[in-house]
Amino acid sequence: EAAEKGGFPHYMLKEIYEQPWVLENTLGGRLLEEVGDVDLGLELDPLEVDRVHMVACGTAAYAGLYGKYLLEGLARIPVECDVASEYRYRDPVVDGKTLAVAISQSGETIDTLEGLREAKRKGARTLGVINAKGSSLTREVEAVLYIHAGPEIGVASTKAYMAMLAAMAMLAIRFGRARGTLGQEEARALIRELKKLPRLVEEVLEKRPLIAHIAEKYHQAQDFLFLGRHVQVPTAYEGALKLKEISYIHAEAYPAGEMKHGPIALIDERLPVVVLATQGPLYEKTLSNIQEVRARGGKVIAVATEGDEEIRKLAQDVVYVPQVHPLLSPMVSVVPLQLLAYEVAVLLGRDVDQPRNLAKSVTVE
Ligand code: G6P
């Protein structure tokens, strides 16, 4: 088993460190930089659908939410996101121009399978964004976009999430190009940025000692709050999920702009608040949220873009991530959150790879 972990103490850590390689694999051979498009080898014609329903559970559902921002932003196609256990029972409005996108690492999650079947019964077209080859889901969808993350053993998903994000970005570029809403130059720029990601994620992994230090400071906290805006909302959700899954610390995530409608009441000097504050159109708005947290004594751990000196004055702790296209910032920003959850869990003596009450894949309802 020690050999399988490749010298790492846990599968989860090994899988976190595999992410640069995973990105190479997911993106590999699919990016057509010259023409400004991606080749996903899908039979499915983007012009035959006029809306998308993301159906998934857990971490995969957050990848779907990221996909919503990208598909709506770049391809101007309306996207709805549901956790599959709601989707399958809520009698969604579906027709032959609806594309149901089932996202799953294992391809065996029962709610996701049933959600997909429900969409199919209602006449939807179907696409699976899947890791496990030959899994049940692959046999039930019209088209499969494999994420090629390799086997994931740690119960808390890390590298599969990274690969799902990359798959969502490629899907949005393909749809945007096909629908004529994404220009060639803009697509090329995004593709160039996608190509840089493996190297950039590698750089973020070098921040582990700093993150271990932050974990040391805050691992006794009872609760954590995670905040982000736009594409960093799913990152915030995923960061909170990782922390609660493996450290058993209560963590909540909110879109930063919604903080004033509730979670602000929780803020005091005992509450660490992780803020995704990377550069992008809403950066200034996020800074105001940080000020609101500080004014109430909350401790701010910011994930910010390299070179941002301003944020040092506001946050107690800053983890810098490399500059990248704002739409792709989740791929570099989620890594510190995975490492934070990991380091906190280890400090608390938790069973990182086999957290209590959780299963790698939930095949019964
Ligand atoms: C379980 C796992 C999660 C995973 C979710 C969905 O809850 O513990 O890590 O995100 O199932 O799994 P799937 O295989 O469908 O992506």
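Here, residues in each chain are numbered from 1, in the same order as that chain's written sequence. Only residues with pLDDT of at least 70 are given local features in this predicted model, and only at 80 or more are side-chain atom pairs given and counted; all residues enter the totals for whole chains, interfaces and linings.

Draft legend 1. Structural detail: the sheet that holds strand S3 (residues 51–56). On the basis of which strands lie adjacent, the open sheet formed by 5 strands has the order S4-S3-S5-S6-S7 and parallel pairing. Bordering the open sheet on either side are strand S4 (79–83) and strand S7 (143–146), each of which pairs with just one other strand. Averaged over all adjacent pairs, the angle separating strand axes in this sheet is 20 degrees, with direction ignored. Judged from the 4 bridges that link them, strand S6 (residues 125–130) and S7 form a sheet pairing that is parallel. In the sheet register, Val 129 faces S7, and the bridge partner there is Leu 145. It is the C-beta atoms, placed from the backbone, that decide contacts: two residues are in contact if theirs lie within 7 Å. Here the axes come from fitting lines to C-alpha atoms, over the contacting stretch only for helices, and the angles between their N-to-C directions go from 0 to 180 degrees. Secondary structure elements follow DSSP: runs of H or I of four or more residues count as helices, runs of E of two or more count as strands, with numbering from the N terminus. Against the sheet, helix H5 (residues 110–121) makes contact with S3, strand S5 (98–104) and S6, and its axis sits at roughly 170 degrees relative to S5, the strand it touches most. Two strands pair under a simple rule: DSSP has to find at least two bridges between them.

Draft legend 2. Broad picture of the pairing of strand S10 (residues 272–277). As a rule, residues whose C-beta atom has 12 or fewer other C-beta atoms within 10 Å are exposed, those with 20 or more are buried, and those in between are partly exposed; C-beta atoms are placed from the backbone. By the criterion of burial, S10 is predominantly enclosed, with 6 of the 6 residues buried. When strand S8 (residues 223–228) meets S10, the two strands line up parallel, connected through 3 bridges. Pairing of Leu 225 across the sheet is with Val 273, part of S10. For S10 and strand S11 (residues 299–305), the ladder comprises 6 bridges, and the chain directions are parallel. Following the sheet pairing, Val 273 is matched in S11 by Val 300. A right-handed crossover is one whose linking path, passing over the helix from the first strand to the second, runs clockwise when the strands point away from the viewer. This β-α-β element, S10 to helix H11 (residues 283–295) to S11, shows right-handed connectivity.

Draft legend 3. Broad picture of the environment of Ile 77. You can see Ile 77 is positioned in the loop between helix H3 (58–75) and S4. Once residues lying within four places of it in the same chain are set aside, the contact partners of Ile 77 are Asp 50, Arg 51, Val 52, Leu 71, Glu 72, Phe 175 and Arg 179.

Draft legend 4. Molecular detail of the site of the ligand. Contact assignment follows one rule, namely that a residue is near a molecule or strand if its backbone-placed C-beta atom lies within 6 Å of it. Taken together, 16 residues lie around the ligand, and Gly 58, Thr 59, Ser 104, Ser 106 and Thr 109 are the ones closest in. In terms of residue count, the dominant contributor to the shell around the ligand is H3 (3 residues).

Draft legend 5. Quick peek at helix H10 (residues 232–247). Here, expected helix span is obtained from the residue count minus one, scaled by 1.5 Å. With 16 residues, H10 should cover 22 Å at 1.5 Å per step; its first-to-last C-alpha distance of 22 Å lies within 8% of that length. By the criterion of burial, H10 is predominantly enclosed, with 15 of the 16 residues buried.

Draft legend 6. Inspection of the packing of helix H8 (residues 184–205) against helix H12 (residues 329–347) at higher detail. At their nearest, the axes of H8 and H12 sit 9 Å apart, and the two run at 25 degrees to each other. As the angle between them shows, H8 and H12 are arranged roughly parallel. At the point where H8 passes H12, the crossing takes the right-handed sense. Together, Leu 197, Leu 200, Val 201, Val 204 and Leu 205 of H8 and Met 331, Val 332, Val 335 and Pro 336 of H12 make up the contact between the two elements. Each residue belonging to the contact of H8 with H12 can be placed in one class, and the counts come to 9 nonpolar, no polar and no charged. Each angle gets one of four labels, with under 35 degrees taken as roughly parallel, over 145 as roughly antiparallel, 65 to 115 as roughly perpendicular, and the rest as oblique. Note: crossing handedness is left-handed where the near helix turns anticlockwise from the far helix by less than a right angle, and right-handed where it turns clockwise. Each residue receives one of three labels: charged for Asp, Glu, Lys and Arg, nonpolar for Ala, Val, Leu, Ile, Met, Phe, Trp, Tyr, Cys and Pro, and polar for the others, Gly being one of them.

Draft legend 7. Local environment of the pairing of strand S9 (residues 250–255). Inspection of the sheet shows S8 paired to S9 by 6 bridges, in the parallel sense. Within the sheet, the bridge partner assigned to Phe 224 lies in S9 and is Ala 251. The parallel pair S8 and S9, bridged by H10, forms a crossover whose chirality is right-handed.

Draft legend 8. Quick look at unusual backbone geometry. At His 230, a residue that is not glycine, the phi angle is positive and equals roughly 55 degrees. Counting through the fold element by element, His 230 comes out in the loop between S8 and H10. Given 22 C-beta atoms within a 10 Å radius, His 230 is considered buried.

Draft legend 9. Representation of H3 in the model. With 18 residues, H3 should reach 26 Å at 1.5 Å per residue; the first-to-last C-alpha distance of 25 Å fits that figure. Among the 18 residues that make up H3, 15 are buried, leaving the element largely enclosed by the rest of the structure. In the segment just after H3, Arg 76 is the residue with positive phi, at about 50 degrees.

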